[in-house]
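A closer look at the structure
Now for the letters of each chain:
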Amino acid sequence: MSIDQIRRDYTQRSLERSDLQANPISQFQQWFDDTLNSNCGTDPTAMVLSTCAENRPTQRVVLLKGIAENGFVFYTNYESQKGKQLSANPNCSLHFAWLTQERQITITGKAERLSITENTQYFQSRPRASQLGAWASAQSEVIADRKSLEQRLAEVETRFTGEEVLPLPPFWGGFRVVPETIEFWQGRSGRLHDRFRYQHTATGWLLERLQP
């Protein structure tokens, strides 16, 4: 089959204004729970993070680690490509593609660093292997080969022998994306999809339907 003929219709459900909650964070949580409980094999926490520095956009998949009224949280190495880009330009977007549900959510906003207390609490809740990996990896930097990375990990394991809980690396932590817009997309037949966008204003959230 020619690639331009690969398509499918979206017929699972519709999305009306009356289906949506007044608060987009609550609406996000509802869709997140639907996906989590659907047993569809999709990782509902996987999201595409888009950043931009020097007019060059970059995307990668990161994992959502917190949802609250003040934003969406993920963790990374602050000296990685995305960490440096967000420090230079905090404007970013998040995209969730829950395609088995025929749903997508796009969030735009600004990223801000979490506090040391928040970073430490989460870092020390991670599995030990993940803590060691964070210490071992100079994320986004060039490395000669896999063996060099494994050697670095062995050095870190030796350094922290006997320590049940590892300290927080000074270069590692979380970002909170404070949302300015949140768009909910529901696939519909004939490509006449349902799209609703919440936009944060001085008086609260403005909800508008968008054309597909």
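Residues numbered from 1 in each chain as written. Predicted model: local features only at pLDDT ≥ 70, side-chain atom pairs only at ≥ 80, totals over all residues. Heavy atoms only, no water.

1. As for the side chain of serine 80
Short version of the rule: Only DSSP runs of H or I covering at least 4 residues are called helices, and only runs of E covering at least 2 are called strands; the numbering of each starts at the N terminus. Burial classes follow relative accessibility: with a 1.4 Å probe on protein chains only, a residue under 20% of its type's maximum area counts as buried, one over 50% as exposed, and anything between as partly exposed. Polar contacts here mean pairs of N or O atoms no more than 3.5 Å apart (in protein, one a potential hydrogen donor and the other a potential acceptor; neighbouring residues in sequence count only if both atoms are side-chain atoms). Residue contacts are defined here by distance: any two heavy atoms, one from each residue, within 4.5 Å place the two residues in contact.
Along the polypeptide, serine 80 turns up in the loop between β4 (71-77) and α2 (81-88). For serine 80, a relative accessible area of 0% translates into the label buried. Side chain to side chain, serine 80 and threonine 76 meet in a polar contact 3.5 Å long. Within the structure, serine 80 has its side chain in polar contact with the side chain of glutamine 139 (distance 3.3 Å). Aside from chain neighbours lying at most four places away, what touches serine 80 is Gln139 and Ser140.

2. Points about the pairing of strand β5 (residues 91-98)
The condition that has to hold: Note: two strands are recorded as paired if DSSP finds a minimum of 2 bridges between them.
As paired strands, strand β1 (residues 46-53) and β5 are joined by 3 bridges and run antiparallel to one another. What sits directly across from serine 50, in β5, is serine 93. Alignment of β5 against strand β6 (residues 103-113), held across 8 bridges, turns out to be antiparallel. Opposite histidine 95, over in β6, you have threonine 106 as the bridge partner.

3. Some thoughts on the environment of threonine 201
Mapped onto the secondary structure, threonine 201 falls in strand β8 (residues 194-201). On the basis of relative accessibility, which here comes to 28%, the residue threonine 201 falls in the partly exposed class. In this structure the C-alpha to C-alpha distance between threonine 201 and glutamate 180, which are 21 residues apart in sequence, comes to 8.3 Å.

4. Quick look at the layout of surface pockets
The test is simple: Put simply, the grid is 1 Å and covers the protein atoms alone, a cavity is a trapped set of points that fit a 1.4 Å probe, a pocket is an open set with protein on both sides within 12 Å along at least five of seven lines, and lining residues have an atom within 4 Å of a point. Grid points are joined across faces, edges and corners, and a volume is the space filled by probe spheres set on the points. Residue polarity is assigned by list, with Asp, Glu, Lys and Arg as charged and Ala, Val, Leu, Ile, Met, Phe, Trp, Tyr, Cys and Pro as nonpolar; anything else, Gly included, falls into the polar class.
Empty space within the largest pocket amounts to approximately 330 Å³. Surrounding the largest pocket, 17 residues form its lining, Tyr75, Thr76, Arg126, Gln139 and Trp172 being those nearest its centre. Elements with a contribution of two residues or more to the lining of the largest pocket: β2 (56-63), β4 and α4 (128-136). Its residues assigned to classes, the lining of the largest pocket comprises 8 nonpolar, 5 polar and 4 charged.

5. Observations regarding a nonpolar patch on the surface
Note the cut-off: What makes a patch is a set of residues exposed beyond 30% relative accessible area and free of salt bridges, joined within 9 Å when like-charged and within 5 Å when nonpolar (Val, Leu, Ile, Met, Phe, Trp, Tyr). Calculation of accessible area relied on Shrake-Rupley with a 1.4 Å probe; when residues are assessed, cover is drawn exclusively from the protein chains displayed. In what follows, salt bridge is the name for a side-chain nitrogen of Lys or Arg lying within 4 Å of a carboxyl oxygen of Asp or Glu.
The grouping of Met1, Ile3 and Ile6 at the surface amounts to a nonpolar patch, some 440 Å² of accessible area in total. Looking at the element boundaries, methionine 1 is found in the segment before α1 (24-36). By relative accessible area, which is 82% here, methionine 1 ends up exposed.

6. A closer look at the UniProt feature "binding site: substrate" (unreviewed entry) in the chain
The criterion, for reference: UniProt positions are given in the numbering used here, feature names are shortened, and annotations may be inferred rather than shown by experiment.
In the numbering used here, UniProt assigns the feature "binding site: substrate" (unreviewed entry) to Arg7, Arg8, Asp9, Tyr10, Lys65, Tyr122, Arg126, Ser130, Arg191, Leu192 and His193. Taking the farthest pair of C-alpha atoms as the criterion, the annotated set spanning 187 residues is dispersed, since that pair is 43.4 Å apart. Looking only at the residues we just named, the largest pocket is lined by Lys65, Tyr122 and Arg126. Mapped onto the fold, aspartate 9 is located in the segment before α1. Not counting the four nearest positions on each side in its chain, aspartate 9 is found in contact with Glu102, Arg188, Ser189, Gly190 and Arg191.

7. Some points on α2
Note the cut-off: Note that the arc is defined by the directions from the helix axis to the C-beta atoms.
Among the residues making up α2, those that are buried are Lys82, Gly83, Gln85 and Leu86. Along the long axis of α2, the arc covered by the buried residues comes to 165°, so they all point the same way. Where the residues of α2 are buried, they touch β1, β2, β4, β5, β6 and β7 (172-186).

8. Observations concerning the packing of α4 against helix α5 (residues 146-159)
Helix-helix packing is described using two parameters, namely the angle between the two axes and the distance between the axes. Condition: Here, axes are lines fitted to C-alpha atoms. For helices the fit covers the stretch in contact, and angles between N-to-C directions go from 0 to 180 degrees. By definition, turning the near helix anticlockwise from the far helix through less than a right angle yields a left-handed crossing, and turning it clockwise yields a right-handed one.
Relative to each other, α4 and α5 sit at 115°, their axes nearing to 9 Å. In this structure, α4 crosses over α5, and the sense of that crossing is right-handed. Residues Leu132, Gly133, Trp135 and Ala136 of α4 touch α5, and the partners they reach there are Leu149, Arg152, Leu153, Val156, Glu157 and Arg159. Classifying every residue of the contact of α4 with α5 by side-chain character gives 6 nonpolar, 1 polar and 3 charged.

9. Some points on the UniProt feature "domain: Pyridoxamine 5'-phosphate oxidase N-terminal" (unreviewed entry) in the chain
If you check UniProt for "domain: Pyridoxamine 5'-phosphate oxidase N-terminal" (unreviewed entry), the listed places come out as residues 43-158 in our numbering. Secondary structure content for residues 43-158 is 33% helix and 39% strand, and the end C-alpha separation is 34 Å.

10. Describing the state of the cysteines
Heads up, the condition is: The disulfide definition used here is simple: a pair of cysteine sulfur atoms within 2.5 Å.
Counting across every chain of the model gives 0 disulfides. There is no disulfide at cysteine 52, and the cysteine sulfur nearest it, in cysteine 92, is 11 Å away. Exposure remark for cysteine 52: the relative accessible area of 25% places this residue in the partly exposed category. Judged by its relative accessible area of 8%, cysteine 92 falls in the buried class.

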